[in-house]
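Inside the fold
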Amino acid sequence: MPRQFFVGGNFKMNGNIDTIKSIVSHLNDAKCDSNTEVVIAPPALYLLLTREHLRSGIEVAAQNVFDKPNGAFTGEISVAQLKDSNITWTLLGHSERRVILQESDSFVAQKTKAALDGGIGVILCCGETLEQREAGKTIEVVTAQLGAVAREIKDWSKVVIAYEPIWAIGTGKVASTEQAQEVHASIREWLGKEVGGEAKEATRIIYGGSVSEKNCRELAKEKDIDGFLVGGASLKPAFVDIINARQ
Ligand code: PEP
């Protein structure tokens, strides 16, 4: 079975009520490829507003979720609260959280387990720094990040892996198609070895890092690139061109 193309939009800590309503209204009216699964991740404060105004057929993701069901965890949001609000996905392990908030591989893995156990899909981010790439450690770093998750979960059917080289995020410096395909193929091999044949064939591996309407079509031709996680460009009308990259 071919893997369905998947495009996520990560708004990060951007937007306000007006701009988010306007992005949603643009998406509602846009001609989006019906073969692409689209999920947008606004800031937590605007999740409900987004869900309320967004047309059906496009899903909404949180940018993070906590691993405990409820209780004294100030500032956090639980999986059950997301489900209650019809938010069906979450990003986890974004490099901005790994680096700035020092989230460890094992914490990301625990949160992934909690999200999946609670019935939420996970866009699981992984990726290396420039120093790690230059030291030839890309695959080692990425598989260590994914390996921590593999120790917590068995079923990868509701996980989309987002390979996001940190040096390409928000820098305008996109990975070449060859660089991205090489890492995606290695992740697929790793899935085959560590998780199993079905996960190897079925798991979507999407690319993130300065994806734009200009570079998405070339990247989308690669055999192991099953879509994109888009930051900056997801706030712009050109996001629709990225959704339609395979047309
Ligand atoms: C991201 O935040 O996941 C991302 C890929 O950002 P950008 O597209 O802006 O590089």
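Reference entry: report on the structure contained in this document. (Residues numbered from 1 in each chain as written. Predicted model: local features only at pLDDT ≥ 70, side-chain atom pairs only at ≥ 80, totals over all residues. Heavy atoms only, no water.)

What to know about the packing of aromatic side chains
For any pair of aromatic rings, the description rests on two quantities: the centre-to-centre distance and the angle between the ring planes. This model, assessed by the stated rule, comprises six aromatic pairs. Between Phe66 and Phe107, the aromatic rings sit 6.2 Å apart at their centres with planes inclined by 75°, giving edge-to-face as the arrangement. Within this pair, whereas Phe66 is found in the loop between β3 (58-62) and α3 (79-84), its partner Phe107 is found in helix α5 (residues 105-117), the two being separated by 41 residues in sequence. Accessibility expressed as a relative area gives 13% for Phe66, which makes it buried. (Phe/Tyr/Trp six-rings, centres within 6.5 Å; stacked < 30°, edge-to-face > 60°. Helix = DSSP H or I, 4+ residues; strand = E, 2+ residues; numbered from the N terminus. Buried < 20%, exposed > 50% of the residue type's maximum accessible area, 1.4 Å probe, protein only.)

A short note on the packing of α5 against helix α7 (residues 138-150)
Closest axis-to-axis distance for the α5/α7 pair is 8 Å, and the angle between their directions is 45°. With respect to each other, α5 and α7 are oriented oblique. Viewed along their axes, α5 and α7 form a crossing whose handedness is right-handed. Together, Asp105, Ser106, Ala109 and Thr112 of α5 and Ala144, Gln145, Ala148 and Val149 of α7 make up the contact between the two elements. (Axes fitted to C-alpha atoms, helices over the stretch in contact; angles between N-to-C directions. Parallel < 35°, antiparallel > 145°, perpendicular 65-115°, else oblique. Left-handed = near helix turned anticlockwise from the far one by under 90°. Contact = heavy atoms within 4.5 Å.)

Some thoughts on the site of the ligand
Surrounding the ligand, one finds 14 residues, the nearest of these being Lys12, Glu164, Gly170, Ser210 and Gly231. His94 places a side-chain nitrogen or oxygen 2.9 Å from an oxygen atom of the ligand. At 2.8 Å from an oxygen atom of the ligand is found a main-chain nitrogen or oxygen belonging to Gly232. When the free accessible area of the ligand is taken as 290 Å², the share hidden by the protein chains comes to 96%. (Near = heavy atom within 4 Å. Polar contact = N/O pair within 3.5 Å; in protein donor to acceptor, adjacent residues only side chain to side chain. Areas by Shrake-Rupley, 256 points an atom, 1.4 Å probe, with all protein chains shown as cover.)

Observations regarding the layout of surface pockets
To find leftover empty space, one rolls a probe the size of a water molecule over the atoms. Empty space within the largest pocket amounts to approximately 490 Å³. Lining the largest pocket are 20 residues, and of these Lys12, Gln63, Asn64, Arg97 and Leu101 lie nearest its centre. Among the elements that make up the lining of the largest pocket, the one with the highest residue count is helix α4 (residues 95-100) (three residues). Partitioning the lining of the largest pocket into residue classes produces 11 nonpolar, five polar and four charged. (1 Å grid on protein atoms, 1.4 Å probe; cavity = no way out; pocket = protein on both sides within 12 Å on 5 of 7 lines; lining within 4 Å. Points joined across faces, edges and corners; volume = space filled by probe spheres on them. Nonpolar A, V, L, I, M, F, W, Y, C, P; charged D, E, K, R; others polar.)

Some words on the pattern of salt bridges
In the structure shown here, the tally under the stated rule is 16 salt bridges. Of the charged contacts in the structure, one is a salt bridge between Glu103 and Arg97, with a shortest N-O distance of 2.7 Å. A relative accessible area of 7% places Glu103 in the buried class. Counted as one network, the salt bridges with shared partners bring together Arg3, Arg188, Lys223, Asp224 and Asp226. (Salt bridge = Lys/Arg side-chain N within 4 Å of Asp/Glu carboxyl O.)

A short note on the pairing of strand β6 (residues 159-163)
Across the five residues that make up β6, a large majority, five, are buried. Side chains of β6 alternate between two faces, with Val159, Ile161 and Tyr163 and Val160 and Ala162 buried alike. Judged from the five bridges that link them, strand β5 (residues 121-126) and β6 form a sheet pairing that is parallel. Bridge pairing in β6 places Cys125 opposite Ala162. The pairing of β6 with strand β7 (residues 205-208) spans three bridges and is classified as parallel. In the strand pairing of β7, Ile161 is matched with Ile205. (Pairing = 2+ DSSP bridges.)

Description of unusual backbone geometry
In the Ramachandran plot, Asn86 falls in the positive-phi region, its phi being about 65° despite a non-glycine side chain. In this structure, Asn86 sits in the loop between α3 and β4 (89-92).

Topic: the sheet that holds strand β2 (residues 36-41)
Reading around the circumference, β1-β2-β3-β4-β5-β6-β7-β8 is the order of the eight strands in this closed barrel, with parallel pairing throughout. Strand-to-strand, the axes of this sheet are offset by a mean angle of 25°, without reference to chain direction. Contacts from helix α8 (residues 177-194) reach β5, β6 and β7 within the one sheet, and its direction differs from that of β7 by about 150°.

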